[in-house]
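The chain contents come next:
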Amino acid sequence: MTKTTERTILLADCQSFYASVEKASYPEYKNKPLAVAGDPARRSGIILAACPMAKSFGVSTAERLGEALKKCPELVIVRPRMKHYIDVSLAITDIYKEYTDLVEVFSIDEQFLDISGSFKIFGDSLTVAREIQKKVLLQTGVWVRIGISSNKVLAKSATDIWAKKIKSGIFTLPRTELKQLLWPQPVNKMFGVGSRMSSHFERLGMTTIGDIARTSLPDLKSKFRARFGKQSDIQAEVMWKTANGLDESPVAPYTFSSPQKSISHMMTLPQDYLEPNEVETILLELSEEVCRDSRRKGCMGSVVTVSCTCSPYEAPTGFSRQMKLTDPTNNTNKVYNAAKKIFYNFWNGMPIRRLGVTLSGLVDDQTYQLSFFEDHERIRSLEEATDKIKERYGSAAIVRASSLTQAGQALERSLKIGGHYK
């Protein structure tokens with residue numbers, strides 16, 4: 001039997017990424033508490049990132065801007081610049097790639113590195129981690145915390161539980177020390193366990209990661225079935241493997257290059273929408289964004305889904321329903337008409353605060369069904385022409401008349417990436 005060589009995996013996490021990037025861009029804020037926050041006038045007035053100094057005042061991510069200012073009146077508020085953050089993240093990726101070609105993006109501020117084959121060139125894992133820290137800080141102004149272990153789950157745990165808490169920002173979690181280091185940790189610190197799952201584990205009498213790890217897999221599956229139903233075996237196995245530090249998944253540089261299964265756009269509205277003409281304006285804008293993405297990616301879809309969240313905030317209602325089309329399409333009007341039909345079939349008349357349109361069942365757009373009742377090629381050519389104009393001059397270069405009404409959001413959304421300003 002061939003002995004498997006143990007890997008060395010790093011999980012590099014950028015400290016307070018958005019805030020760190022802003023502090024690097026504006027040296028005058030170096031010794032001031034700073035937070036990146038959305039626009040409070042448009043229901044996005046929450047803290048997206050806070051620098052360590054701001055956190056020392058009790059400011060935390062995801063809290064409302066008003067609450068943060070009560071804790072820290074001198075807090076410097078910076079509006080997010082998503083395109084800039086993406087550019088800096090890509091620059092950091094390029095630095096990682098100087099040490100290994102096995103770099104997997106986990107999020108905009110976290111990436112896995114497999115440095116198993118890098119030791120002969122760059123030295124041991126601690127040497128590599130320190131060099132990465134220095135280079136990223138020098139070139140971008142961002143401090144990186146790094147967890148080191150033999151697989152991705154343990155590297156992530158090493159970062160979140162230890163590296164983020166110590167001055168050096170680097171921590172190694174050997175497999176041989178799981179019982180001493182990982183198992184005594186409370187269950188809510190285990191990777192993949194949120195507050196709700198923590199509560200479930202506590203009700204099962206499991207308060208530490210070790211409690212899960214020491215439970216046999218058959219017993220854990222039995223407990224999960226009793227609590228969650230017959231379909232919970234996979235979840236139980238994932239939890240058991242995580243607690244025992246078992247993870248064979250590779251660091252995959254092309255994680256996001258697998259075939260896309262759906263294309264969707266969601267929108268949180270600036271105020272509650274109740275009038276049908278207002279809602280239809282948003283459905284049309286969302287349908288157009290979805291279809292434009294589909295055409296750019298060379299695909300069509302046969303299933304349209306509409307998601308709707310209604311007020312009040314305390315007890316929201318809503319729905320997510322889908323419709324299968326006769327033939328695959330990326331035609332804006334066809335998707336829009338389907339979206340309207342779904343919406344009016346399931347809307348309960350409550351004020352709407354969030355809408356989404358999804359196109360799934362994707363196929364290649366080179367083969368499509370011709371119709372005697374419409375000029376498919378003329379419509380296709382028209383949409384391709386408007387797409388080219390938007391690609392060259394921006395998505396707001398040409399918009400529908402309805403988007404210029406008070407209800408329309410296309411012009412505002414053209415200034416944003418992922419819901420935040422570019």
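This text follows the structure it describes.
The shown structure was predicted, so the numbers you read here are calculated from the model rather than taken from an experiment. (Residues numbered from 1 in each chain as written. Predicted model: local features only at pLDDT ≥ 70, side-chain atom pairs only at ≥ 80, totals over all residues. Heavy atoms only, no water.)

Visitor: Break down the nonpolar core for me, with residues and values.
Guide: Of all hydrophobic cores here, the largest spans 43 residues; its most connected members are Phe17, Tyr96, Ile132 and Ile146. The element that contributes the greatest number of residues to this core is helix H4 (residues 82–96), accounting for six residues. Setting aside chain neighbours within four positions, we find Phe17 in contact with Tyr85, Val88, Ser89, Ile92, Ile108, Asp109 and Val142. Residues Ile263, Ile282, Cys308 and Cys310 belong to the second largest nonpolar core, which totals 30 residues. (Core = buried A, V, L, I, M, F, W, Y, C linked by side-chain atoms within 4.5 Å. Buried < 20%, exposed > 50% of the residue type's maximum accessible area, 1.4 Å probe, protein only. Helix = DSSP H or I, 4+ residues; strand = E, 2+ residues; numbered from the N terminus. Contact = heavy atoms within 4.5 Å.)

Visitor: Report on the pattern of salt bridges, specifying residues and quantitative values.
Guide: Applying the stated criterion to the full structure yields 16 salt bridges. Between Lys135 and Glu98 there is a salt bridge, with its nearest N and O atoms 2.8 Å apart. Here Glu98 lies in the loop between H4 and strand E5 (103–107) and Lys135 lies in helix H6 (residues 125–140), a separation of 37 residues in the sequence. Judged by its relative accessible area of 25%, Lys135 falls in the partly exposed class. Residue classification places Glu98 among the partly exposed residues on the basis of a relative accessible area of 41%. Here Lys156 ties to Glu110 by a salt bridge, and the two come within 2.5 Å at their closest N and O atoms. Note that Lys156 is positioned in helix H7 (residues 152–162) and Glu110 in strand E6 (residues 110–114), a separation of 46 residues in sequence. No difference in accessibility class separates Lys156 from Glu110, as the two residues are buried. (Salt bridge = Lys/Arg side-chain N within 4 Å of Asp/Glu carboxyl O.)

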